[in-house]
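Residue-level structure breakdown
The primary structure of each chain is shown beneath.
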Amino acid sequence: MDTRTSFSILLLLFGVSQASPLMGKRYEAVFVSEPETVDITTRILETNNGSSEVLIEGDLVFPKTRNALNCLSNKCFWKKNSNNIVEVPYIVSSEYSANDKLIMENAISTFHNKTCIRFVARSTETDYISIENKAGCYSSLGRTGGKQVVSLYRQGCVYHGIVQHELNHALGFYHEHTRSDRDQYVKINFENISPEQAHNFQKQNTNNQNTPYDYGSVMHYGRTAFSIQPGLETITPIPDGKVAIGQRKGLSNIDILRINKLYAC
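Residues numbered from 1 in each chain as written. Predicted model: local features only at pLDDT ≥ 70, side-chain atom pairs only at ≥ 80, totals over all residues. Heavy atoms only, no water.

In this fold, S94 is placed in the loop between strand 3 (86-92) and helix 3 (98-114). Sequence separation between S94 and E132 is 38 residues, and the spatial gap between their C-alpha atoms is 8.7 Å. (Helix = DSSP H or I, 4+ residues; strand = E, 2+ residues; numbered from the N terminus.)

What follows is the structure, given as structure tokens:
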């Protein structure tokens, strides 16, 4: 390989490295394949099995005292700057590989491209997200103040949809199946849920922002979540029980609409 060719390749690699939002800019052409089709809840719950954290609904840090969907003050919202952009300061643990960071970067780029949310490198901000390689996939709900951990365990959480799912919790969104009007759209089969897990299906006092129930939301549980035995349905869509739920591809169009409505993008 001649000197000119080598120099060109080095320039190309340098350009790619500089484009990552985890290093200050954005790189939108990262495509990382996932090896299997598993609904997002199954993946999260399997990964969180045995976690020492006290978690509600499978991946929300207890106590869930904040809810940006029904917030009486602005304290649970991330703040806008003078340009009408919502800045969410964050840091990323050095334990993640370059490939892990590319997956996170690609997931974050959707928020940047389709909403007014911007995850920005933290400098001295008091309130910020710390993405860490802890034992499980979990987040707090909305802005809680100070450092708040979003856990993305390297061995089960660093997938496009799961990254977006947990970051959406941090923006203030509950799981779709717990929204206040869910009984019009899904049937919760409590007979297939162990009593000690029934609290994970409690309805919340949510502000649904005049948006339709979204079976395709990245925030929707899979149909067998918290089942007492494999294969039993805990959530059945109504009136059409065959409707797909629990996808893990990423934010749906309605997920994006809700972010934009909530933060007045």
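Here we come to the nonpolar core. The biggest cluster of nonpolar side chains holds 37 residues, and the ones touching the most others in it are I117, F119, I129, L152, L171 and Y263. For this core, the elements supplying multiple residues, two or more each, are strand 3, helix 3, strand 4 (117-121), strand 5 (128-132), strand 7 (147-152), helix 4 (160-171) and helix 5 (253-262). Look past the residues within four positions of L152 in its chain and what remains in contact with it is Y96, M104, I131, E132, N133, G136, C157, V158, I162, V163 and E166. Core analysis: the next-biggest nonpolar cluster, separate from the first, contains 11 residues, V186, Y213, Y221 and I245 among them. (Core = buried A, V, L, I, M, F, W, Y, C linked by side-chain atoms within 4.5 Å. Buried < 20%, exposed > 50% of the residue type's maximum accessible area, 1.4 Å probe, protein only. Contact = heavy atoms within 4.5 Å.)

On the basis of which strands lie adjacent, the open sheet formed by 5 strands has the order 4-3-5-7-6 and mixed pairing. Each edge of the open sheet is held by one strand with a lone partner, namely strand 4 and strand 6 (137-138). Both strand 5 and strand 7 contribute to a ladder of 5 bridges, which runs parallel. Paired with E132 across the strands is S151, a residue of strand 7. Running at roughly 140° to strand 4, helix 3 makes contact with strand 3, strand 4, strand 5 and strand 7 of the sheet. (Pairing = 2+ DSSP bridges. Axes fitted to C-alpha atoms, helices over the stretch in contact; angles between N-to-C directions.)

In contact at an axis separation of 9 Å, helix 3 and helix 4 are set at 50° when each is read in the N-to-C sense. Looking at the two axes, helix 3 sits oblique to helix 4. For the pair helix 3 and helix 4, the sense of crossing is right-handed. Contacts from I103, M104, N106, A107, I108, T110 and F111 in helix 3 reach H160, V163, Q164, L167, N168 and L171 in helix 4. (Parallel < 35°, antiparallel > 145°, perpendicular 65-115°, else oblique. Left-handed = near helix turned anticlockwise from the far one by under 90°.)

Here the focus is the pattern of salt bridges. In a structure, side chains of opposite charge can pair up when their charged atoms sit close to one another. Enumeration over the complete set of coordinates arrives at 10 salt bridges. A salt bridge links R179 to E176, with the nearest nitrogen and oxygen atoms 3.4 Å apart. Overall, the relative accessible area of 5% leaves E176 in the buried class. Across the salt bridge formed by K203 and D183, the nearest N and O atoms sit 2.9 Å from each other. Taken together, the residues K203 in the loop between strand 8 (186-188) and strand 9 (235-237) and D183 in the loop between helix 4 and strand 8 connect sequence positions 20 residues apart. By relative accessible area, which is 37% here, K203 ends up partly exposed. Taken together, the salt bridges that share partners define one network made up of E176, R179, D181 and R258. (Salt bridge = Lys/Arg side-chain N within 4 Å of Asp/Glu carboxyl O.)

In this section: the confidence of the model for the protein. With 72% of its residues at a pLDDT of 70 or more, the protein has an overall mean of 81. Per-residue pLDDT stays below 50 along residues 23-33; that stretch engages in 25 contacts with residues further than four places along the chain or on separate chains. Counted against residues more than four places away or in other chains, residues 64-68, with its pLDDT under 50, gives 20 contacts. (pLDDT = per-residue confidence, 0-100.)

Three- or four-residue spacings in an α-helix give side chains the same orientation, since the helix completes a turn every 3.6 residues. Looking only at helix 5, the buried set comprises D255, I256, R258, I259, N260 and L262. For helix 5, the elements touching its buried residues are helix 3, strand 4 and helix 4. A264 lies just past helix 5 and shows a positive phi near 50°.

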